[in-house]
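# Close look at the chain arrangement
For reference, the chains in residue letters:
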Amino acid sequence: MRGSDLINSRLPDELIMDVFQRLEAKSDCDAVSLVCRRWRKLERANRRTIKIGASGPADRLVENVVERFKGLQNLFVDERLPVASLSPPRSPPSRRRRHTSPPMEFRHVAESSESEDTELDRFSLSDAGLAAVARGCKGLEKVSLIWCSRVTSLGLTTVAQNCKILKSLDLQGCYVGDQGLIAVGQNCKQLEDLNLRFCEGLTDTGLVGLAEGCGRSLKSLGIAACAWITDKSLEAVASNCTFLETLSLDSENIRNQGIISIAKGCRSLKALKLQCINVVDEALLAVGSFCSSLELLALYSFQRFTDKSLSAIGNGCKNLRDLTLSDCYFLSDKSLEDVARGCTKLTHLEINGCHNIGTSGVEHIGRSCPGLLELALLYCPRIGNSALLEVGRSCSHLQALHLVDCSSINDEAICNVAKGCRNLRKLHIRRCYEIGDEGIISVGENCRFLTDLSLRFCDRLGDQALVAIARGCSLRHLNVSGCHLITDIGLTAIARGCPDLIYLDVSVLQNIGDMALAELGDGCRLLKDIVLSHCRQITDVGLRHLVRGCTRLETCHMVYCPLVTAAGVATVVSSCSNIKKVLVEKWKVSERTRRRAASVLSFLCVDL
């Protein structure tokens with residue numbers, strides 16, 4: 001075309017590539033590469049990021065990628081994705097694999113038939129494929145190899161020797177050995193981010209070698225289920241990684257000494273996540289004493305911590321903003337009182353399964369932390385209404401509230417939050433059986449910025465609550481799964497009042513039918529995801545009305561809908577050009593539909 005020729009003759013390569021750099025979606029990048037040969041060449045030279053799943057012969061695929069895209073900076077390979085051509089799909093190695101002696105270098109041991117493993121290996125990136133990437137793309141800065149089980153120290157060493165400006169390395173689930181990690185330490189002096197979750201072939205030797213080699217640049221380190229990583233490794237990290245800012249540990253072998261060494265040596269630490277059952281109060285006393293810059297602390301499954309630990313955090317970590325306490329059974333209200341007194345900048349708090357924490361502790365947080373933005377109270381039966389009364393009275397900036405199985409909280413508490421926290425944008429409530437229409441009506445009347453509402457299995461909620469929400473809020477996400485009092489009336493109000501809705505879950509609602517789906521099709525044209533499973537009154541007619549208006553639909557779950565037939569499934573598949581997943585019983589799919597849309601069909605129960 002003459003216009004195309006004019007553009008190509010007058011615009012220099014640099015200007016066209018500058019335009020290409022502003023394209024965010026991969027589909028847009030692919031589209032411009034099809035315009036002409038010059039644009040294809042420029043787009044390939046400009047491509048910086050590639051993401052690969054287990055979708056074909058892995059080594060051949062990465063060799064083609066390297067040949068086409070010479071300027072790659074970011075490579076992401078994720079082999080957790082199922083291989084469509086194999087049955088059953090490949091699953092990642094077990095996290096809880098046990099060793100009786102320290103591991104040698106990785107060797108593949110077949111547990112199923114040799115032919116099956118050979119077929120699976122075709123879809124796994126090997127050292128040869130990784131070497132091709134390393135030699136062809138020496139400017140790589142980020143490499144992510146998730147569950148690449150055939151990658152060993154040999155491949156990792158090749159990457160380290162060729163990609164010396166590497167800044168981020170994710171080896172989650174890779175059975176690499178110590179020599180590979182040592183090579184990274186010796187060659188990648190700019191490494192900042194390292195993830196070693198489920199790297200079961202590593203020992204202290206490898207991590208000590210890495211810390212000694214590139215410790216000064218390391219800022220983030222994650223370790224989980226590495227059976228041979230002990231306090232010795234953490235002592236090396238503490239000595240060499242003095243600028244470490246983020247540390248995530250999930251290990252049964254880490255004890256007090258390792259955490260104490262980190263606290264004393266890494267005084268710039270800003271984020272600490274711990275799931276170490278053998279660590280006790282002494283370790284957190286050190287964190288509170290030495291890590292004054294700490295902003296995020298997450299403690300999971302600590303059954304030996306007491307209030308003394310959180311008292312030290314409250315006294316020493318004045319900049320703490322994000323606190324998660326999960327299954328810490330010996331913490332009481334005094335812990336939250338000490339945190340509230342010392343950490344007044346707190347913005348995010350999650351309490352999950354800490355059964356000795358009650359109303360008083362959350363009251364102190366409400367009074368002392370006026371900047372609180374997000375509060376999650378999960379499985380906290382001892383926390384009552386007055387806790388949320390204080391939150392509503394003092395935390396006017398609150399934007400997100402999560403409540404799960406809080407049996408002592410009722411409508412009074414929700415009304416207080418709604419009236420005091422008018423900036424609320426997200427409200428998630430599940431199995432809080434004392435909360436009914438009154439509280440949610442107050443949310444609709446006061447929280448005009450609410451866009452994400454989830455009310456799962458709250459069996460006192462009915463249509464009046466949804467009518468009030470539709471009048472006052474412009475929702476984008478709504479989940480009312482299991483709220484059996486909701487009928488077509490409530491969903492009709494949502495359809496007419498929330499035109500920006502993109503996600504809807506109405507599963508297990510026995511009183512909604514085709515009328516609601518027709519209203520949704522007319523009013524919610526932007527809807528992308530809908531869950532209709534266990535809705536016994538919807539039929540093919542309702543689905544036809546739904547997809548007539550909701551042409552952007554991408555996922556539809558409709559298992560155990562007895563009045564939906566093969567015709568209804570075919571209607572959804574054929575009417576929605578963007579459809580990516582349809583979850584339905586296998587016997588409801590006709591042969592014609594299966595041939596046309598096999599890639600988007602998912603079957604929950606094959607034998608039904």
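Everything discussed here concerns the structure shown above.
Description of the structure in this document. This structure is a prediction, so every number in the text was calculated from the model and none was measured. Residues take numbers from 1 onward in each chain, read along the sequence in its written order. Given that the model is predicted, a residue must reach a pLDDT of at least 70 before its local features are reported, and side-chain atom pairs must reach 80 or more before they are shown or counted; all residues, however, enter totals for whole chains, interfaces and linings. Based on all heavy atoms of the structure, the side-chain values leave hydrogens and waters out of the count.

## A short note on the packing of helix H22 (residues 514–523) against helix H23 (residues 540–549)
How we decide: To get an axis, a line is fitted to the C-alpha atoms, and for a helix only the part in contact is used. The angle between two axes follows their N-to-C directions and goes from 0 to 180 degrees. Each helix corresponds to a stretch of at least 4 residues labelled H or I by DSSP, and each strand to a stretch of at least 2 residues labelled E; elements are numbered beginning at the N terminus. The labels follow the angle: roughly parallel below 35 degrees, roughly antiparallel above 145, roughly perpendicular from 65 to 115, and oblique for the rest. Contacts are assigned to residue pairs that have any heavy atoms within 4.5 Å of one another. By the convention adopted, Pro, Cys, Tyr, Trp, Phe, Met, Ile, Leu, Val and Ala count as nonpolar, Lys, Arg, Asp and Glu as charged, and the other residues, Gly among them, as polar.
Running from N to C, H22 and H23 cross one another at 10°; their axes reach a closest spacing of 7 Å. Here H22 lies roughly parallel to H23, going by the angle between them. Within the contact between the two elements, H22 uses Asp514, Leu517, Ala518, Leu520 and Gly521 and H23 uses Val541, Gly542, Leu543, His545, Leu546 and Gly549. The residue inventory of the contact of H22 with H23, partitioned by class, reads six nonpolar, four polar and one charged.

## Overview of the pattern of salt bridges
Convention followed: Any Lys or Arg side-chain nitrogen located within 4 Å of an Asp or Glu carboxyl oxygen qualifies as a salt bridge. Burial classes: relative accessible area under 20% of the type maximum marks a residue as buried, over 50% as exposed, and values in between as partly exposed (1.4 Å probe, protein chains only).
Here the structure, examined in full by the defined rule, presents 13 salt bridges. Between Asp18 and Arg22 there is a salt bridge whose closest N-O contact spans 3.1 Å. For Asp18, a relative accessible area of 29% puts it in the partly exposed group. A salt bridge links Glu585 to Lys588; the shortest N-O distance between them is 3.8 Å. We note that Glu585, like Lys588, is buried. Overlapping salt bridges, with partners in common, bring together Lys334, Glu337, Asp338 and Arg341 in one network.

## Some details on the packing of aromatic side chains
Note the threshold: Between 30 and 60 degrees the pair is tilted, below 30 it is stacked and above 60 it is edge-to-face, where a pair is any two Phe, Tyr or Trp rings, Trp via its six-membered ring, whose centres lie within 6.5 Å. Each ring is checked for a lysine NZ or an arginine CZ that lies within 6 Å of its centre and within 35 degrees of its normal; such an atom marks a charge sitting over the ring.
The final tally for this structure, using the stated rule, is three aromatic pairs. Ring geometry for Phe20 versus Trp39: centroids 5.6 Å apart, planes at 75°, classification edge-to-face. Pair noted here: Phe20 is in helix H2 (residues 13–21) and Trp39 is in helix H4 (residues 37–46), with a separation of 19 residues, a long-range link. The exposure class of Phe20 is buried, given its relative accessible area of 4%. Ring centres of Phe302 and Phe305 lie 4.2 Å apart, and the angle between their planes is 5°; this geometry places the pair in the stacked category. Residue classification places Phe302 among the buried residues on the basis of a relative accessible area of 1%. Under the relative-accessibility criterion, Phe305 is labelled buried at 0%. Sitting above the plane of the Phe449 ring, Arg425 keeps its charged end 5.1 Å from the centroid.

## Examining the pairing of strand S20 (residues 581–584)
Put simply, side chains in a regular strand alternate between the two faces of the sheet. What counts, and what does not: DSSP bridges decide pairing: two strands pair if at least two such bridges lie between them. Crossover handedness is defined here as right-handed if the route from the first strand over the helix to the second strand goes clockwise, with the strands pointing away from the viewer.
In terms of strand pairing, strand S19 (residues 555–557) meets S20 through three bridges, oriented parallel. Considered in S20, the bridge of Thr555 is made with Lys581. A crossover links S19 with its parallel partner S20, the connecting element being helix H24 (residues 566–575), and its sense is right-handed. Two elements, S20 and strand S21 (residues 601–603), share three bridges in a ladder whose sense is parallel. When the sheet's bridge partners are listed, Val584 is paired in S21 with Phe603. Each parallel crossover has a hand, and the one from S20 via helix H25 (residues 591–597) to S21 is right-handed.

## Quick look at the side chain of Gln172
Locating Gln172 in the fold gives a position in the loop between strand S4 (168–170) and helix H9 (178–187). With relative accessibility at 13%, the residue Gln172 sits in the buried group. With near-sequence residues (within four places) excluded, Gln172 lies in contact with Arg80, Leu145, Ile146, Trp147, Asn195, Arg197 and Phe198.

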